[in-house]
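Summary of structural features
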Amino acid sequence: MQAIRSAWVPIFLVACAVFVWSYADTLYEHLRALRPVAPGWLLLALLLQASVWFALAAGWREVVHSRTGIRYPVRNALIHLAFFSLGKYLPGKVWGAAARALNMGREGVSGTDSLEATLHEQFLVLHSAGIVSLVLLPLVHPGWVPWLAAAMAVASAPIGGRLVHASLPWLTRLLKQDSKPLHRLPMGRAAALVGQYALAWLLHGAVLVTIYASLFGGLSAIDGPMFGLLVLGNTVGMVAGFAAVFAPAGLGVREAMITAVLAQGMPLPEAAALSIAMRLWTVATDAGFGGLALLARPRAAG
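Described below are features of the structure shown in this document. This structure is a prediction, so every number in the text was calculated from the model and none was measured.

Right, let's get into the packing of helix H3 (residues 40–68) against helix H12 (residues 268–295). Direction vectors running N to C along H3 and H12 enclose 60 degrees, while the axes themselves pass 11 Å from each other. One element, H3, and the other, H12, form an angle in the oblique class. Considering only the axes of H3 and H12, their crossing is right-handed. Here Leu42, Ala45, Leu46, Gln49, Ala50 and Trp53 of H3 lie close against H12, whose contacting residues are Trp281, Thr285, Asp286, Phe289 and Gly290.

Turning next to a nonpolar patch on the surface. Taken together, Leu43, Leu44, Leu46 and Leu47 make up a surface patch of nonpolar side chains, about 360 Å² in accessible area. The topology assignment puts Leu46 in helix H3.

One pass over the full model with this rule turns up one aromatic pair. With a centroid separation of 5.9 Å and an interplanar angle of 55 degrees, the aromatic rings of Trp53 and Phe289 are classed as tilted. Remark: Phe289 occurs in helix H12 and Trp53 occurs in helix H3; sequence separation between them is 236 residues. A residue is classified by how much of its surface remains accessible, and Trp53, at 5% relative accessible area, is buried. Sitting over the face of the ring of Trp60, Arg100 holds its NZ or CZ atom 3.6 Å from the ring centroid.

Let's shift gears to the packing of helix H10 (residues 224–243) against helix H11 (residues 253–262). Relative to each other, H10 and H11 sit at 150 degrees, their axes nearing to 8 Å. Relative to H11, the element H10 is oriented roughly antiparallel. As for how H10 packs across H11, the hand of that crossing is right-handed. Residues Leu229, Leu230, Leu232, Gly233, Asn234, Val236, Gly237, Met238, Ala240 and Gly241 of H10 form the contact with H11, whose own contacting residues are Val253, Arg254, Met257, Ile258, Val261 and Leu262. Looking at the contact of H10 with H11 residue by residue, the classes come out as 11 nonpolar, four polar and one charged.

Here we come to the pattern of salt bridges. On inspection of all chains with the given rule, the structure shows three salt bridges. Two residues, Glu121 and Arg100, come together in a salt bridge whose shortest N-O distance is 2.8 Å. Residue Glu121 is located in helix H6 (residues 111–140), and its partner Arg100 is located in helix H5 (residues 93–106); the two are separated by 21 residues in the primary sequence. Neither residue differs from the other here; Glu121 and Arg100 are each classed as buried. The salt bridge partner of Arg279 is Glu255, with a shortest N-O separation of 2.4 Å. With a gap of 24 residues between them, Arg279 in helix H12 and Glu255 in helix H11 connect regions that are remote in the sequence. The buried category is assigned to Arg279, whose relative accessible area is 10%.

Rules behind the numbers
- Residues numbered from 1 in each chain as written.
- Predicted model: local features only at pLDDT ≥ 70, side-chain atom pairs only at ≥ 80, totals over all residues.
- Heavy atoms only, no water.
- Axes fitted to C-alpha atoms, helices over the stretch in contact; angles between N-to-C directions.
- Helix = DSSP H or I, 4+ residues; strand = E, 2+ residues; numbered from the N terminus.
- Parallel < 35°, antiparallel > 145°, perpendicular 65-115°, else oblique.
- Left-handed = near helix turned anticlockwise from the far one by under 90°.
- Contact = heavy atoms within 4.5 Å.
- Patch = residues over 30% accessible without salt bridge, like charges linked within 9 Å, V, L, I, M, F, W, Y side chains within 5 Å.
- Areas by Shrake-Rupley, 256 points an atom, 1.4 Å probe, with all protein chains shown as cover.
- Salt bridge = Lys/Arg side-chain N within 4 Å of Asp/Glu carboxyl O.
- Phe/Tyr/Trp six-rings, centres within 6.5 Å; stacked < 30°, edge-to-face > 60°.
- Buried < 20%, exposed > 50% of the residue type's maximum accessible area, 1.4 Å probe, protein only.
- Lys NZ or Arg CZ within 6 Å of the ring centre and 35° of its normal.
- Nonpolar A, V, L, I, M, F, W, Y, C, P; charged D, E, K, R; others polar.

So, in structure tokens, the structure goes:
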């Protein structure tokens, strides 16, 4: 894994060079479109991105409460999210979780509790992403099989809470951490928590929709299938980037997956340009919102 991590950036740069060489003419035209032609949509994108942060912070508060009994203020939850979001860039996701755990340690939360809360959170994040992806699938590929998959995905929401409850003690033992009994969330509350993270995914996908509207002149070309494709592409790309632990913040992997999904409904260079725009937007808002949250962090006495 360390060898892959070290070689990933050079491999990514070579792949980018090959792609640019293959699509130089059309890619140049689409990259010029990265200048907003309808910049008003970016304000809506900013509001949606802020909503994503608050939805993720609210989910984290509930997860921490279920594990430790501590009910964090929203400000603290946003600070934790800032540590996690900024730490994933350099040197990677594990360090984002470690930075958050270190901050929680200063607040009296044990390393085991922090670890289990993070595992619980990430399970819910991935589970909700799967649900959102399958629910959107019928918009992109109509038919009874996608609709059946969507119904089964929605039905899995309360079951996920039971799965994470059963798996967390095993995972902590695997990681050589002591575990204490985990409070079992009622099925209805577990389903609501999955729904809360699913809402965050939908809001984040809507950010890509508004960026598309900003770059390409409005919502006139965004019908139901295109909306579903944009949100689906964003969700699949984010999950793929999350799974690529060798790539800081999913660099390259996220863009490749977003491009691959979006290319099913738009020209490949346009899909690639949109994935680049989404990366730039995500980095900028992570830095902006994360910086604001850390500025609101209480100063230590003395």
